[in-house]
Amino acid sequence: MPAITTLRAMSSALRNREISSVELTEEHLANIAKDETNSFITVAKERALEQANQAQRRREQGEHHPLLGVPLAHKDIFCTQGLATTCGSRMLANFIAPYDAHVVTRLNQAGMVTIGKTNMDEFAMGSSNESSHFGPVSNPWNTDTVPGGSSGGSAAAVAAGLVTCATGTDTGGSIRQPAALCGITGLKPTYGRISRYGMIAFASSLDQAGTMTCDAEDAALMLSAMAGFDDKDSTSAQRQDAWLADLAEHGIPKLNRSLKIGLPKEYYADLSNGGAIEAVQETLAEQGHKLVDVSLPHTQAAIPAYYVIAGAEASTNLSRYDGVRFGHRCENPQSLNDLYTRSRSEGFGDEVKRRILTGTYTLSVGYFDAYYIKAQQIRRLIADDFSKAFADVDVLLTPTSPTPAFRKGQLSSDPIAMYQQDLYTVPTSLAGLPALSMPCGFVNGLPIGAQLIAPAFREDVLLGLAAAYQQHSDWHLQRPNGVRVSQEWEA
Amino acid sequence: MLITLHFVALMDIRSGNRPTAAILHCNFSILQLHSPLSCLTDPIKITMSETKQSIDLPHLANLARLIFDHDSSESARADLEKIIAMIDAMQTVDTEGVQPLSHPLDGAQRLRQDIISETEQRENFQSAAPATSDGYYLVPRVVE
C-alpha cells in the first residue's frame, strides 16, 4: 500500500510537479483494482484518465486551483453524465445519467478527476450499507463490521486510502455516521448550502450533499468548490459569506476567540463509551473554550418524526420509478398497472419498500394529520430547541453515533434497531443545521466520532473548531493496520 | 423503565375525527398524568407493545404500486407494524398550537420568471428509457 496523504498534500505535490495528475490517477486505479471493501460500484477508468489529462493541460497553462487534478469518488447518488448512476438499486442498475448533478459540474470545473462511483445503501436508505443491490461494503478497520451508511462506500474508500476525498449525502446522518464508523471527517453543511440538482431525491426537505475527507481543512477545500447558489434547486440558499469565498485560497478562518460549547444532556444519557468524548471536552477546554450543559428536550421525539417525514417524502419521490421513462422495466407487462407494480416490486429492495409503505400509510386518507402534520409540528419543536440553545452557546458537541461499527447482519433483520443508529444525527437534519463528525478515539479497536453542530450557515465555526482540535489530536491521521496519513507528500 | 402504548381508538382516525392524544394511552402507572411530554423528554426508553391494529397491507401495497408474495407480505406487515408502533411514540408530545415546519429553515418557495430556460433534449432523455418509438415512450396497450 502506498502512503496515504491528505488532499492538501496531494494538491501541493501536483502544484510542485512532484507527480502528474495522470500518474496519480493511474496509481488510484491500481489501488482500487485491489480493493477488498466493495467500496465502488463503478470505476470510471477511461473517463478518469481523460479528465486527468485535461487537468494536466490546465496546470501547464498556469491554472492552480487546489483541487485541479486531484482524484475523487462520487457517491453513486450524484448523476454523472454518460456514467452509470445506480443509487445502489436494481431499479437504476442500467441507468446512465443524461446530465451532471450540480455538485459534479462544480467539481469538474475545479478540475477534479472522477475516479468512480461509491457503493451506498439503496436510495440512501440505511445506516449500514447492507441494503445496497451491489452487496455490502466492509469497514476497512474490521471487515466483519459495517462501514455505516448510507454513504458507506465513500467513507470506506477514504478510510482505506483509495481516495483522499469523496462526496456523500446526508438525510438523517448518512455522512456523519459512516464518517464516525470509519474514522474520517464528514461534513453535512446547512440545508440549502449545496445544490440538490442531479442528486437523486430521497427526502427532499432533508437531503444535503457534503464532504468525506481526512480532516477539516480538506473538507473546507471541497466545500469551497461544492457550495453556492443554484437556480435549478428551488431550496438553494442565496448567501454572501466572505469566509466561504476565501476558503480555497486562505483555508479555514482562524477562530481567534473562546467559544461557548454546549453539551446537550439528552445526547449523553445513554452513552456507554463516554471516555473518548470526555477527552474531546478536555482538549477543547484546554484550548480556552467554555463548556456548558444545555438541554434539547425534544431529542427523543426526533427519530419517530424523522421516519414519518422521510418516509412520506420518499414514497412521494420514488413514485417516479414506473418502468416507463428510465430505470428497471419488468418483462412482458400485461397492462399499465402490471408494468408499474412489477417494475417497482422487482426494482426496489426490502428497506426501500418498507419506507415507501411507511410513507404511503402516514400519508393515506385519515392519517395525514395524525402523522405527517404531527411530525412537522415536532420538527418545529426540535428546531426551536436548537434555536434556544444557540441563543446561549456558539456550537454543540455530542457523540456522532451510539455505538462504533457493528457486525454485518447484526441489525439488518431489525429495522427499528437500525433506525436507532440515527439517534444523534437526525435532530440536526430535521432542523437543517450544519454538523461535522470528526474522529475522536477508538472503542475495541474501532473508531468513533464526535459531532459538532452549529447554527445555520456557520460551517466556519464547525470547521474552525474541528481544525483546532485536529491540530492537537491525531485520531484523524490513524488508519487501519497501523498506517498513518501523511500531511506531506512522500515521493 | 418501560412505557407501554396501546391503540384503543383507531377508528377515530379512520372516521376523520381530529386525532388527539387520546388515541394512545401510556401506561400511567409509571408516568405523571399531567405531563405527556415526559414520555419523550425523560431519559427513559420508550418501548412499544405490539400494535393492536391490523394493517391493510394489500390496500397500502396497491396505493404504492407494489406487490408482495405470501411470505414477503407477512414480513412486510410485521415490519410495518413495528415501525408504526415506533412512530406512534410521537403522539405523546404536546404539539397544541405549534405551527408545522415543512422547510427546515422555514424558507419561502422561490419562484422563477416564467420564461423558457430549457432546451429540447428529447433524444438525450429518451436514451435512458427502456422502450420508445418515434420519440414516444411505449407502455402496454391501454385502449383496446
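Scroll up for the structure.
Criteria and cut-off values
Per chain, the residues get numbers from 1 upward, laid out in the order the sequence is written. Each chain gets a letter, beginning with A, and each ligand a number, beginning with 1, in the order they are written. Totals for whole chains, interfaces and linings use every residue, but because this is a predicted model, local features are given only for residues with pLDDT of at least 70 and side-chain atom pairs only at 80 or more, for both listing and counting. Side-chain descriptors were evaluated using all non-hydrogen atoms of the structure, hydrogens and water having been removed beforehand. Helix numbering and strand numbering both begin at the N terminus, where a helix is a DSSP run of H or I of at least 4 residues and a strand a DSSP run of E of at least 2. Only the C-alpha atoms count toward the radius of gyration. The rule for a globule is 2.2 Å times the residue count to the power 0.38. The contact criterion used throughout is that any non-hydrogen atoms of two residues lie within 4.5 Å. The accessible surface values rely on the Shrake-Rupley method and a 1.4 Å probe; as for residues, cover is taken only from the protein chains in view. Here a cavity denotes a set of grid points, spaced 1 Å apart and computed over the protein atoms alone, in which a 1.4 Å probe fits but from which it cannot get out, and a pocket denotes an open set meeting protein on both sides within 12 Å along at least five of seven lines; residues with an atom within 4 Å of a point are reported as lining. Grid points are joined across faces, edges and corners, and a volume is the space filled by probe spheres set on the points. When residues are sorted by character, Ala, Val, Leu, Ile, Met, Phe, Trp, Tyr, Cys and Pro go into the nonpolar class, Asp, Glu, Lys and Arg into the charged class, and all the rest, Gly among them, into the polar class. Defined in terms of a 1.4 Å probe, buried area is the accessible area two parts forfeit on being brought together, summed over both. The salt bridge definition used is simple: a Lys or Arg side-chain nitrogen within 4 Å of an Asp or Glu carboxyl oxygen. Throughout, exposure labels follow a simple rule: accessible area from a 1.4 Å probe, protein chains only, divided by the maximum for the residue type, with under 20% read as buried, over 50% as exposed, and the rest as partly exposed. A pair of strands is labelled paired if DSSP reports no fewer than 2 bridges between them. Look down the strands so they point away from you; if going from the first strand over the helix to the second traces a clockwise path, that crossover is right-handed. In this analysis an axis means a line fitted to C-alpha atoms, helices contributing only their contacting stretch, and an angle means the value between N-to-C directions, from 0 to 180 degrees. Handedness of a crossing follows from how the near helix is turned relative to the far one, being left-handed for an anticlockwise turn of less than a right angle and right-handed for a clockwise one. Working rule for angles: under 35 degrees goes down as roughly parallel, over 145 as roughly antiparallel, 65 to 115 as roughly perpendicular, anything else as oblique. Two aromatic rings, drawn from Phe, Tyr or Trp (for Trp, its six-membered ring), form a pair once their centres lie within 6.5 Å of each other, and the interplanar angle then sorts them: stacked below 30 degrees, edge-to-face above 60, tilted otherwise. Throughout this description, the term charge over a ring refers to an Arg CZ or Lys NZ atom that lies within 6 Å of the ring centre and within 35 degrees of the ring normal.

Peer 1: Go over the overall build of chain A, please, and point to the residues and values.
Peer 2: The helix and strand inventory of chain A stands at 16 helices and 11 strands. Expected size for 491 residues packed as a compact globule is a radius of gyration near 23 Å; at 21 Å, chain A falls within 12% of this value. Across its three principal directions, the C-alpha atoms of chain A cover 65 × 55 × 45 Å. Partitioning the contacts of chain A with sequence separation of at least 6, the portion at a separation of at least 24 is 75%. Carbon and sulfur atoms form 46% of the exposed surface of chain A, whose accessible area is close to 15700 Å².

Peer 1: Give a description of empty space enclosed by the protein that names residues and reports values.
Peer 2: Empty space left among the atoms is revealed by rolling a probe the size of a water molecule over them. This model, assessed by the stated rule, comprises four cavities of 30 Å³ or more. Of the volumes computed, that of the second largest cavity is approximately 100 Å³. Class assignment of the residues belonging to the lining of the second largest cavity gives a composition of seven nonpolar, four polar and no charged.

Peer 1: Now, about the interface of chain A and chain B: what can you tell me, with residues and values included?
Peer 2: How big an interface is tends to be stated in terms of the accessible area lost upon association of its parts. Opposite the 76 residues of chain A that make contact, chain B presents 62 residues. Here chain A packs against chain B, burying approximately 5800 Å² in sum over the two surfaces, 66% of which is carbon and sulfur. Taken as a group, L357(A), Y361(A) and R380(A) account for 12% of the area that chain A buries against chain B, more than any other trio of residues on that side. If you look at where chain A meets chain B, you find two salt bridges. Note that R354(A) and D79(B) form a salt bridge whose closest N and O atoms lie 2.7 Å from each other. When contributions to the side of chain A that touches chain B are tallied by element, the ones reaching two or more residues are helix 10 (302-317), helix 11 (336-347), helix 12 (350-363), helix 13 (368-390), helix 14 (415-419) and helix 15 (426-431) of chain A.

Peer 1: Explain the pairing of strand 7 (residues 260-264) of chain A residue by residue, including any values.
Peer 2: All names here are of chain A. Within strand 7, four of the five residues are buried, leaving the element largely enclosed by the surrounding structure. Pairing of strand 7 with strand 8 (residues 290-294), which is carried by five bridges, proceeds in the parallel orientation. The residue bridging G262 from the neighbouring strand is V292, located in strand 8. Regarding the hand of the β-α-β motif, the stretch spanning strand 7, helix 9 (residues 275-286) and strand 8 is right-handed.

Peer 1: Residues and numbers for the pairing of strand 11 (residues 446-453) of chain A, please.
Peer 2: Residues and elements named next belong to chain A. The buried fraction of strand 11 is high, at eight of eight residues. Burial along strand 11 is two-sided: the face carrying L446, I448, A450 and L452 and the face carrying P447, G449, Q451 and I453 are both buried. Note that strand 9 (residues 395-399) and strand 11 share four bridges and pair antiparallel. Residue pairing across strands places L397 opposite L452, the latter belonging to strand 11. Pairing between strand 10 (residues 435-443) and strand 11: eight bridges, direction antiparallel. For G441, the partnering residue across the bridge sits in strand 11 and is I448. The turn linking strand 10 back onto strand 11 is made up of two residues, and N444 within it adopts a positive phi angle of 50°.

Peer 1: Summarise the packing of helix 7 (residues 216-226) of chain A against helix 8 (residues 242-250) of chain A; cite the residues concerned and give the values.
Peer 2: Between two packed helices, what matters for the description is the angle formed by their axes and the separation of those axes. Residue and element names in this part refer to chain A. Running from amino to carboxyl end, helix 7 crosses helix 8 at an angle of 115°, the nearest separation of the two axes being 8 Å. Remark: the crossing between helix 7 and helix 8 carries left-handed chirality. Here A220, L221, L223 and S224 of helix 7 come into contact with helix 8, specifically with W243, L244, L247 and A248. Classifying every residue of the contact of helix 7 with helix 8 by side-chain character gives seven nonpolar, one polar and no charged.

Peer 1: Explain the pattern of salt bridges to me, using residue names and the numbers behind them.
Peer 2: Residue and element names in this part refer to chain A. Summed over all chains, the structure comprises 23 salt bridges over all chains. Its salt-bridge partner being E346, residue R342 comes within 3.9 Å of it at the nearest N-O pair. Residue R342 and its partner E346 are located together in helix 11, separated by four residues, close to a single helical turn. Note that R458 and D460 form a salt bridge whose closest N and O atoms lie 3.0 Å from each other.

Peer 1: Summarise the layout of surface pockets; cite the residues concerned and give the values.
Peer 2: Residue and element names in this part refer to chain A. Its boundaries defined by the atoms lining it, the second largest pocket holds a volume of some 610 Å³. Y99, Y197, G198, R320 and F326 are the residues nearest the centre of the second largest pocket, which is lined by 21 residues in total. Taken together, the residues of the lining of the second largest pocket sort by class into 14 nonpolar, two polar and five charged.

Peer 1: Please give an account of the packing of helix 7 of chain A against helix 16 (residues 459-471) of chain A that cites residues and values.
Peer 2: Residue and element names in this part refer to chain A. Close contact between helix 7 and helix 16 brings their axes to 8 Å; oriented N to C, the two are set at 150°. Between helix 7 and helix 16, the angle is such that the two are roughly antiparallel. Seen from helix 7, the contacting residues are A216, E217, A219, A220 and L223; seen from helix 16, they are E459, L463, A466, A467 and Q470. In the contact of helix 7 with helix 16, the residues fall into seven nonpolar, one polar and two charged.

Peer 1: Which residues make up the packing of aromatic side chains, and what values do they have?
Peer 2: Residues and elements named next belong to chain A. Applying the stated criterion to the full structure yields 16 aromatic pairs over all chains. Relative to Y367, the ring of Y361 lies with its centre 4.6 Å away and its plane at 55°, an arrangement referred to as tilted. Its relative accessible area of 5% is what places Y367 among the buried residues. On the numbers, 5.4 Å between centres and 35° between planes, the contact of F368 with Y372 is tilted. With a gap of four residues between them, F368 and Y372 both fall in helix 13, about one helical turn apart. Within the aromatic cluster, the residues linked to one another by ring pairs are F95, F123, Y321, F326 and F348. Seen from the ring of Y197, K232 lies directly overhead, with NZ or CZ sitting 5.2 Å from the centre.

Peer 1: Lay out the environment of A97(A) in plain terms, naming residues and giving numbers.
Peer 2: All names here are of chain A. Along the chain, A97 falls in the loop between strand 2 (71-75) and helix 4 (102-110). For A97, a relative accessible area of 2% corresponds to the buried category. Expressed as a C-alpha distance, the spacing of A97 and C79, which sit 18 residues apart in the sequence, is 5.5 Å. When near neighbours in sequence (up to four residues on either side) are disregarded, A97 contacts C79, T80, Q81, G82, L83 and T85.

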